[in-house]
Amino acid sequence: MVPMTLAPDNPFARPSDLPYGLPDYDAVRVEHYEPALRAGLAEQRAELDAIAGETDPPTVANTLDALERSGRLLRRAALPFFNQLSADANDALEDLHERLAADLAAHRDAIYQDARLRARLVGLRDRAEAGEVTLEPDQAWLLRTWLKDFRRAGIDLSTSDQEALRDLNARLTELSAAFSRRLLAGEKASAVLATDPDELAGLTDDELAGAAQAATEAGHEGAWLVGLQLPTRQDVVGSLDHRATRRRVQQASETRGSHGDDHDTRGVLLEIARLRAERARLLGYPHHAAYVAEDATAGSAEAVAGMLGRLAPAAVANARTEGAALREVLHRTDPGAELCAADWAYLAGRVRGDEHAPDDAALRPYLELERVVQHGVLEAAHRLYGLSFVERHDLTGYHPDTRIFEVFDAPEPGRPDHGLGLFVADWYTRPVKRGGAWMNTLVDQNRLLGERPVVVNNLNIVKPAPGRPTLLGRDQVRTLFHEFGHALHGLLSDVRYPSQSGTSVPRDFVEFPSQVNEMWAWDPQILRSYAVHHVTGEPLPPEWIDHLTAERQDGEGFATTEYLGAALLDQAWHRLAPHEVPTDVEDVATFEAAALAAAGLDDVPVPPRYRSTYFNHVWGSGYAAAYYSYIWSEVLDADTVRWYRERGGLTRENGEEFRRRLLARGGSQDPLASFRDLRGRDAEIGPLLARRGLGTVSS
Ligand SMILES: [Zn+2]
């Protein structure tokens, strides 16, 4: 072992003594991360060296188990580090990330380019095939995964090509960090300032108060500042009566990252696209999309293109029909005006109003955060899986806004300790938080090391003024259930190996359980349980319940089209050969327009959910060439929703089946085998088409 240089008073030096190994946030300071991460890298390198240098014949214990035991210190520091970087960043953390990014990439390369290590795994496979070693199914799957990862990381390349690959990986890691950082800074700079309250007519008093406070904090006392959210569609645009303000917000949203200033992301994204194409070429793939799809359940970029291409025309046709109805409403007040993206959500709200259905403003008083969580999200998990939740006020999170719940399994006779793990909730937005919503883990469940899970959910809900309740819109309720679906995947994981824990499944599978969990948001029993007026205690009017729980396709044309726009853009950028990637930043918009036109998506005023310049999923995070995953997962999701309905919906028996056959398995076997085990057959696309009103798609 290399000498351990980590100071013993560093809180990451030893496993935390706190329940479930929660990091000791009372003690953790930003300056603890770098030494812990560097010591973790050194420790794992030494551990792997020992495994590679082993002279006894390879066994499960001295290869697979040993590999999976390695890197404990690194994981202990890295999981909290990346969580904090996403949820509560500051300059010191961002600097450290940029400084460390290349070292982390080099560390990964050093593992996967170590021929001795691979030889041990090949030796184990040979011994298993010869019947000298017996592998359990999860061990056979693990061995297969490790060997595949070695091949995909370039183990078979020449020494000089491996060196080129290492340089590409290091540079790509730096560029992704730079993209996220510019985007976050640019988002703050793109907020829209209003000086006249009339411009903001339509916002609620709370929203106005929030905008006034944001303006004051930014040094514009007496004005109002409307911040931007990560997707293209900005929620406020749906309620702003003033058309010019709507268009200003929309314009600010769509031009993020392309102003030619310090926050311009175009040069960064072009370099990322080119280097990814070069790396794919080096590894023997035609382009990055082919490299990514091979490791996913989709299998090939052609399969992805086929699926997106089938859906696009039907989605656009639906959006066109929706647009025609909106244009009619627009022309009542603005004869002859051209329908634009900024009008869409606003007018859709008016159309719904015409049908006596509740809009978000009417619903909000019934959707109070605490009640939605306790009597909705957690209640559904209780009824399905028998889980219960107790808030642990004695434990400290990484930010004062975090809340920590201990999760208990249904009690069983003879098993006194039924603690499952911890759920950390971080729902409120902060200027230093990344946009969107996501799940992280601080500890991954695994039996090898006897670790129980600690999972985090992050959202970006605007915090109300002190003493005011947090009232949610429909999308926020859906997001709470969605992210908690990921949390359940982590909490209910029951696997042996850390690398197979919970959500360690392919990208185009991981959104499936979280999307399934969204169904409980609109389940009549659960909805009645949480949707109660926060002042009067009155239940939601029955006709609204009917409206919310009915399968509806309102707005699906827009939603599917904007989603497909982003997914197709992602594929288009990643299906290029190196020399095909534009070199001039001005060509980003041209390339984007051509890609959308080629898919027929330029026919309606529905911008992609993310434009290239602020598409953090694909440039700054792990979804490159994989944004299609959401709709790919939705095929499984819609088919599973049908499975639940066929079997009586919200019952303990159904939850137990879903847990045992799917959630608990994590990445310990082929995920599609888990699905087949649950459903009794492969997934069918019909339920997705029906849900999204795409019945006319040819199959
Ligand atoms: Zn998700």
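Residues numbered from 1 in each chain as written. Predicted model: local features only at pLDDT ≥ 70, side-chain atom pairs only at ≥ 80, totals over all residues. Heavy atoms only, no water.

### Quick notes on the overall build of the protein
Which entries qualify depends on this criterion: Here a strand is any run of E in DSSP of at least two residues, a helix any run of H or I of at least four, and the numbering for each starts at the N terminus. Restricting the calculation to C-alpha atoms gives the radius of gyration, and the globule rule supplies 2.2 Å times the number of residues raised to the power 0.38. Relative accessible area decides the class of each residue, using a 1.4 Å probe on protein chains only: under 20% of the type maximum gives buried, over 50% gives exposed, and in between gives partly exposed. Residue contacts follow a heavy-atom distance rule, with two residues in contact if any of their heavy atoms lie within 4.5 Å. Shrake-Rupley sampling with a 1.4 Å probe provides the accessible areas, and residues are treated as covered by the protein chains on show and by no other component. Note that His is not counted, nor are the chain ends; the positive residues are Lys and Arg, and the negative ones are Asp and Glu. Charged side chains are reduced to one point each, which is NZ for Lys, CZ for Arg, CG for Asp and CD for Glu.
The helix and strand tally for the protein stands at 26 helices and 7 strands. A compact globule built from 699 residues should have a C-alpha radius of gyration of about 27 Å, and the protein, at 25 Å, falls within 12% of that. Taken over the C-alpha atoms alone, the protein extends approximately 80 × 65 × 55 Å along its principal axes. A buried classification covers 56% of the 699 residues belonging to the protein. Intrachain contacts of the protein at a sequence separation of at least 6 include 76% that bridge at least 24 residues. Summed over its atoms, the accessible surface of the protein is roughly 28,600 Å², and 50% of this surface lies on carbon and sulfur atoms. Positive and negative side-chain charges of the protein, numbering 76 and 107 respectively, have mean locations separated by a distance of 3 Å.

### Regarding the packing of helix 15 (residues 369-385) against helix 24 (residues 652-661)
As a reminder, the rule being used: The angle between two axes is taken between their N-to-C directions and runs from 0 to 180 degrees, where each axis is a line fitted to C-alpha atoms and a helix contributes only its stretch in contact. For this classification, under 35 degrees means roughly parallel, over 145 means roughly antiparallel, 65 to 115 means roughly perpendicular, and everything else is oblique. By the convention adopted, Pro, Cys, Tyr, Trp, Phe, Met, Ile, Leu, Val and Ala count as nonpolar, Lys, Arg, Asp and Glu as charged, and the other residues, Gly among them, as polar.
For the pair helix 15 and helix 24, interaxial distance at closest approach is 6 Å and the crossing angle is 85°. For the element pair helix 15 / helix 24, the angle class is roughly perpendicular. On helix 24, the residues touching H382, R383, L384 and Y385 of helix 15 are R652, G655, E656, F658 and R659. Split by residue class, the contact of helix 15 with helix 24 holds 3 nonpolar, 2 polar and 4 charged.

### Remarks on the coordination of the zinc ion
Convention followed: The donor set comprises N, O and S atoms within 2.8 Å of the metal, extended to 3.2 Å for Na, K and Ca; water molecules are omitted, so apparent gaps in a site may simply reflect that omission.
Around the zinc ion, the protein supplies H482 (NE2), H486 (NE2) and E511 (OE) as donor atoms, at distances of 2.1 Å. Donor residues binding the zinc ion come from one chain and are separated in sequence as H-x3-H-x24-E. Within this pair, whereas H482 is found in helix 16 (residues 474-491), its partner E511 is found in helix 17 (residues 507-517), the two being separated by 29 residues in sequence. Each member of the pair, H482 as well as E511, is classed as buried.

### Section: the pattern of salt bridges
Put simply, the rule is: Definition used for salt bridges: Asp or Glu carboxyl oxygen within 4 Å of a side-chain nitrogen of Lys or Arg.
For the coordinates displayed, the defined rule picks out 61 salt bridges. When the shortest N-O distance is used, the salt bridge between R116 and D114 registers 3.5 Å. On the accessibility criterion, D114 (15% relative accessible area) is buried. Notably, a salt bridge pairs D637 with R691, separated by 2.8 Å at the nearest N-O pair. Residue D637 is located in helix 23 (residues 629-646), and its partner R691 is located in helix 26 (residues 686-691); the two are separated by 54 residues in the primary sequence. Here the salt bridges do not stand alone but share partners, grouping D88, D401, D426, R430, K433 and K463 into one network.

### Side note on the side chain of H547
Secondary-structure assignment places H547 in helix 19 (residues 542-549). A residue is classified by how much of its surface remains accessible, and H547, at 9% relative accessible area, is buried. Not counting chain neighbours up to four residues away, the residues in contact with H547 comprise A357, P358, R474, R552 and D554.

### Side note on the side chain of E199
Within the fold, E199 resides in the loop between strand 1 (192-194) and helix 8 (205-217). A relative accessible area of 19% places E199 in the buried class. If we skip the residues at most four places from it in the chain, E199 touches A194, L240, H242, T245 and R248.

### Examining the sheet that holds strand 7 (residues 454-461)
For clarity, the cut-off: Paired strands, as defined in this entry, are two strands with at least two bridges between them according to DSSP.
Overall, mixed pairing links the 5 strands, which are arranged 3-4-5-7-6 in an open sheet. The outermost strands of the open sheet, each flanked by one partner alone, are strand 3 (388-391) and strand 6 (438-443). Going across the sheet, the axis of each strand differs from the next one's by a mean of 30°, ignoring polarity. Across 6 bridges, strand 4 (residues 403-408) lies against strand 5 (residues 419-428) in antiparallel orientation. Counterpart to F408 in the pairing with strand 5 is G419. Packed on one face of the sheet, helix 3 (residues 72-87) meets strand 5, strand 6 and strand 7 and runs near 150° to strand 6. Against the sheet, helix 15 makes contact with strand 3, strand 4, strand 5 and strand 7, and its axis sits at roughly 150° relative to strand 5, the strand it touches most.

### Re the nonpolar core
Across soluble globular proteins, you tend to see nonpolar side chains buried next to one another. This is how the line gets drawn: Definition of nonpolar core: a set of buried residues of the types Ala, Val, Leu, Ile, Met, Phe, Trp, Tyr and Cys, connected through side-chain atoms within 4.5 Å.
Formed by 137 residues in total, the largest nonpolar core has its most connected members in Y385, F423, W427, F481, Y530 and F658. Ranked by residues supplied to this core, first place goes to helix 12 (residues 301-333) with 13 residues. Leaving out residues up to four positions away in the same chain, F481 has contacts with V372, G376, V377, A380, S514, N517, E518, W520, A521, I526 and Y530. Y20, L41, L85 and W438 belong to the second-largest nonpolar core, a separate cluster that totals 31 residues.

### Structural notes on unusual backbone geometry
Residues other than glycine seldom take positive phi values, yet Y20 does so here, at roughly 60°. When you line up the elements, Y20 lands in the segment before helix 1 (30-52). With relative accessibility at 11%, the residue Y20 sits in the buried group. Positive phi, close to 55°, is recorded for A625, a residue that is not glycine. Relative to the helices and strands, A625 resides in the loop between helix 22 (616-619) and helix 23.

### Re the packing of aromatic side chains
Selection rule: Stacked, edge-to-face and tilted are the three classes for Phe, Tyr and Trp ring pairs, Trp counted by its six-membered ring, which pair at centre distances within 6.5 Å; planes under 30 degrees apart are stacked, over 60 edge-to-face, the rest tilted. Lysine NZ or arginine CZ positioned within 6 Å of the ring centre and within 35 degrees of the ring normal marks a charge as sitting over the ring.
Here the structure, examined in full by the defined rule, presents 30 aromatic pairs. Look at W573 and W619: their rings are 6.0 Å apart centre to centre, the planes differ by 75°, and that puts the pair in the edge-to-face class. Taken together, the residues span a long stretch of sequence, with W573 in helix 20 (residues 556-574) and W619 in helix 22 at a distance of 46 residues. W619 carries the same exposure label as W573, and that label is buried. Ring pairing ties together the aromatic residues F509, F512, W520, W643, Y644, F658 and F675, which thus form one cluster. Above the plane of the ring of Y291 lies R152, whose end atom (NZ or CZ) is 3.9 Å from the centre. A cation over an aromatic ring shows up here: R507 above the ring of Y623, its NZ or CZ 4.5 Å from the ring centre.

### Focus on helix 2 (residues 60-69)
In terms of residue burial, helix 2 counts as a mostly covered element, since 8 of its 10 residues are buried. When we look at burial in helix 2, the residues that qualify are V60, N62, T63, L64, D65, A66, L67 and E68. Contacts from the buried residues of helix 2 go to helix 1, helix 3, helix 5 (115-129) and helix 6 (137-152). Two residues or fewer after helix 2 comes G71, characterised by a positive phi angle close to 80°.

### Observations concerning the environment of R552
Mapped onto the elements, R552 comes out in the loop between helix 19 and helix 20. Spatially, the C-alpha atom of R552 lies 49 Å from that of R29, the residues being 523 residues apart in sequence.

### Observations regarding the environment of K433
Here is the rule we go by: Polar contacts, as used here, are pairs of N or O atoms within 3.5 Å; protein pairs need one atom able to donate a hydrogen and one able to accept it. Residues neighboring in sequence count only if both atoms are side-chain atoms.
Here K433 lies in the loop between strand 5 and strand 6. Those residues in contact with K433 that lie beyond four places of it in its chain are S86, A87, L184, D426, W427, Y428, W438, N458, L459 and N460. A distance of 2.8 Å separates a polar side-chain atom of K433 from the backbone oxygen of Y428.

### Some thoughts on the pairing of strand 5
In terms of burial, strand 5 is a largely internal element, 10 of the 10 residues being buried. Inspection of the sheet shows strand 5 paired to strand 7 by 6 bridges, in the parallel sense. Bridge pairing in strand 7 links L422 to V454.

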